[in-house]
Amino acid sequence: VWLSLRFSFYVLGVPDAFAGVLVMFGVFPKNEALHCLKMLLFDFSHHNIDMACGLLESCGRYMYRSPDSHHRTRVYLVGCQHSLSATFDQRLLSY
């Protein structure tokens, strides 16, 4: 599923928000979307950042509030915050 999702994103130009809508309507399973998010966070660079943000913007709140996917979503969001703090320079984080 991960390869087919990447294929649809890159080759067909399907926006990542479409995948989030499919998750919210139950067409695409939540655990597969979380696995895709995990793979995007594993290689957190370049276009993977945009794809992860788009997926979280479209269905992140739904997966966070859903009881069956809340824990995994919370763990991935904490990991995303740690990746962001390690990626950015400390001068950019101090306002």
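Before reading on, note that the structure itself is shown above.
Below is a short write-up of the structure. (Residues numbered from 1 in each chain as written. Predicted model: local features only at pLDDT ≥ 70, side-chain atom pairs only at ≥ 80, totals over all residues. Heavy atoms only, no water.)

1. A look at the packing of helix α3 (residues 30-42) against helix α4 (residues 47-65)
Look at α3 against α4: their axes get within 10 Å of each other, and the N-to-C directions meet at 150 degrees. For the pair α3 and α4, the sense of crossing is left-handed. Of the residues in α4, those touching α3 at K30, A33, L34, L37 and L40 are N48, M51, A52, L55, L56, Y62 and M63. The class makeup of the residues in the contact of α3 with α4 is 10 nonpolar, 1 polar and 1 charged. (Axes fitted to C-alpha atoms, helices over the stretch in contact; angles between N-to-C directions. Helix = DSSP H or I, 4+ residues; strand = E, 2+ residues; numbered from the N terminus. Left-handed = near helix turned anticlockwise from the far one by under 90°. Contact = heavy atoms within 4.5 Å. Nonpolar A, V, L, I, M, F, W, Y, C, P; charged D, E, K, R; others polar.)

2. Things to note about a nonpolar patch on the surface
A cluster of nonpolar side chains, V21, M24, F25, V27 and Y62, forms an exposed patch at the surface whose accessible area comes to about 490 Å². Its location among the elements puts V21 in helix α2 (residues 16-24). For V21, a relative accessible area of 33% gives the class partly exposed. (Patch = residues over 30% accessible without salt bridge, like charges linked within 9 Å, V, L, I, M, F, W, Y side chains within 5 Å. Areas by Shrake-Rupley, 256 points an atom, 1.4 Å probe, with all protein chains shown as cover. Salt bridge = Lys/Arg side-chain N within 4 Å of Asp/Glu carboxyl O. Buried < 20%, exposed > 50% of the residue type's maximum accessible area, 1.4 Å probe, protein only.)

3. A closer look at the nonpolar core
Nonpolar side chains in soluble globular proteins tend to end up buried together. Counting residues in each nonpolar core, the largest one holds 18 residues, and the members touching the most others are V23, L37, L41 and M63. Listed by contribution, the elements that provide at least two residues to this core are α2, α3, α4 and α5 (70-87). Those residues in contact with L41, other than ones at most four positions away along the chain, are Y76 and C80. (Core = buried A, V, L, I, M, F, W, Y, C linked by side-chain atoms within 4.5 Å.)

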